[in-house]
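Secondary and tertiary structure notes
Residues per chain, in single letters:
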Amino acid sequence: DIGLFTKELEEALIDKRVDLVVHSAKDMPTAIPDSLEIGAVTKREDPHDALISKDNKSLKDLPQGATLGTSSLRRRAQILAVRQDLNIVDLRGNLDTRLGKLASGELDAIVVAQAGLNRLGRGDETSEIIPSDIMLHAVGQGALCIEIRENDEQIKKIIKILQHFNTRFAVLAERALLKRLQGGCQIPIGAHAEVLFPVNLKMEAVVCSLDGTTIIRDSIEGKVDDYLTMGNELAERLLGRGGRQILDDIRTKLADEQVK
C-alpha cells in the first residue's frame, strides 16, 4: 500500500530519523501532516503515458480485441473511451515483470509512464507516446517531490538547487485540483498543468467513468501566482458538469467491492 509506505516515511521525518523524503509526486497523498511541507519539486520528466506493444503498433492500430495490461483505472477508462473493443486486464509488478508478460505473449500491449522508462534508460522501447488529447496523465506524473520538516531552513538551503519552479507551480496546481475532487490513485482523474512564458499557467483535467463512456474534460488559464485558486476552480467546473456524480458512483462501487 503506497499510502501506508508514505505514512511510514513521514513518521521518520517527523521523528527526525531522516531529514528529507523523496516521493514520486503522483504517489504522494494530497494531504500531508501540518508539521511537514514540500520543500522542492524537481524538473519534470516526460509526463505522458506510453504504450509498448507487439510489433510496435500504436493504440489505434492494435488488433480488434487485443489484450492490454494496466493497473490504472485512469488509463483503463481513457483507453476504453477510444477503444471499447480492447480486453483490458489488471497488470501489476515492476517494469521487468510487466514487460515479461508482454514478451511471453500473455499480453498484446501494456501502458506505463514514459518518465519511468526514460529514467531506467528504456525509453526506446516505447511504441507510442499516447497523445494528451487521448490520455491525460496522473497528477504529478513525471516529477519528484522532496518533503521536509516545516521551516527547516538548513535543509531548504541544501535542496534549493533541486527546485524547478515551473514544475513546482504545475504540480501544486494539479494537486490542488485532485484535493478538491477528493481523488486518489483509485479514481480516474487526469490532469496536466504547465507554465506558459512568461507568467501564465494553463491546466487541463479530465474525470472519467470507469467504463470510459463518459468523459468530462475542461481547461483553465491564468496567472501562475493563482495556481491554487486555478486548481480549485477547474475542479469545481468538472464537478458541476457531471464529475460529482461520476466520482460518487465510483466511490460507491469501490466501497461495495471492498465489502465483498
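In what follows, the structure referred to is the one given above.
Note that the structure is predicted; figures quoted are calculated from it, not measured. (Residues numbered from 1 in each chain as written. Predicted model: local features only at pLDDT ≥ 70, side-chain atom pairs only at ≥ 80, totals over all residues. Heavy atoms only, no water.)

Brief notes about helix α3 (residues 95-103)
Looking at α3, one finds that the buried residues are L95, R98, L99 and L102. Down the axis of α3, the buried side of the element spans an arc of 95°, and every buried residue falls inside it. Structurally, α3 contributes buried residues whose contacts are with β3 (49-53), β6 (109-113) and α4 (114-119). Its side-chain oxygen placed 3.2 Å from the backbone nitrogen of D96, N94 serves as the N-cap of α3. The positive-phi residue at the C-terminal boundary of α3 is G105, with phi of around 90°. (Buried < 20%, exposed > 50% of the residue type's maximum accessible area, 1.4 Å probe, protein only. Helix = DSSP H or I, 4+ residues; strand = E, 2+ residues; numbered from the N terminus. Arc of directions from axis to C-beta. Contact = heavy atoms within 4.5 Å. Polar contact = N/O pair within 3.5 Å; in protein donor to acceptor, adjacent residues only side chain to side chain.)

Remarks on the pairing of strand β9 (residues 189-196)
One ladder, built from eight bridges, connects β9 with strand β10 (residues 200-208); its direction is antiparallel. Among the inter-strand pairings, I189 is bridged to a residue of β10, identified as V207. A loop of three residues connects β9 with β10, the two strands running antiparallel in sequence. (Pairing = 2+ DSSP bridges.)

Some thoughts on the sheet that holds β9
As summarised here, the arrangement of the three strands in space is β9-β10-β11, forming an open sheet in which the pairing is antiparallel. Where the open sheet ends on each side, the last strands, each with one partner, are β9 and β11 (215-223). On average, adjacent strands in this sheet sit at an angle of 10° to one another, irrespective of strand direction. In this sheet, β11 lies alongside β10 in antiparallel orientation, the contact comprising nine bridges. Within the sheet, the bridge partner assigned to E204 lies in β11 and is S219. Packed on one face of the sheet, helix α2 (residues 73-82) meets β9, β10 and β11 and runs near 80° to β10. Packed on one face of the sheet, helix α7 (residues 227-259) meets β9, β10 and β11 and runs near 170° to β11. (Axes fitted to C-alpha atoms, helices over the stretch in contact; angles between N-to-C directions.)

Section: the nonpolar core
Within the largest apolar cluster, 38 residues are counted, with the highest numbers of intra-cluster contacts made by L177, L181, I189 and L201. Those elements giving two or more residues to this core turn out to be β2 (36-41), α6 (165-181), β9, β10, β11 and α7. Take this core: its biggest share by element is 10 residues, from α7. Dropping the residues within four chain positions of it, I189 is found in contact with R74, L177, L178, L181, G183, V206, V207 and L247. Among the nonpolar cores identified, the runner-up in size contains 13 residues, and I79, L86, A109 and M135 belong to it. (Core = buried A, V, L, I, M, F, W, Y, C linked by side-chain atoms within 4.5 Å.)

Some points on the pattern of salt bridges
One pass over the full model with this rule turns up 21 salt bridges. A salt bridge links E174 to R44; its shortest N-O distance comes to 2.8 Å. Here E174, found in helix α6, pairs with R44, found in the loop between β2 and β3; they are 130 residues apart in sequence, far enough to count as distant. Taken as a pair, E174 and R44 share a single burial class, namely buried. Of the charged contacts in the structure, one is a salt bridge between R122 and D96, with a shortest N-O distance of 2.6 Å. Within this pair, whereas R122 is found in the loop between α4 and β7 (128-129), its partner D96 is found in helix α3, the two being separated by 26 residues in sequence. Classification of R122 by relative accessible area gives partly exposed; the value is 24%. What you see here is one network of salt bridges that share partners, running through D218, E233, R237 and R241. (Salt bridge = Lys/Arg side-chain N within 4 Å of Asp/Glu carboxyl O.)

So, α7
Along its 33 residues, α7 runs just 38 Å from first to last C-alpha, ending more than 12% under the 48 Å computed at 1.5 Å per residue. At G242, α7 is bent by approximately 80°, the largest bend along its length. Residues Y227, M230, G231, L234, A235, L238, L239, G243, I246, L247, I250 and L254 constitute the buried set of α7. Along its buried surface, α7 packs onto α2, α6, β9, β10 and β11. (Expected span 1.5 Å × (residues − 1). Bend = angle between axes of the 7 residues up to and from the residue.)

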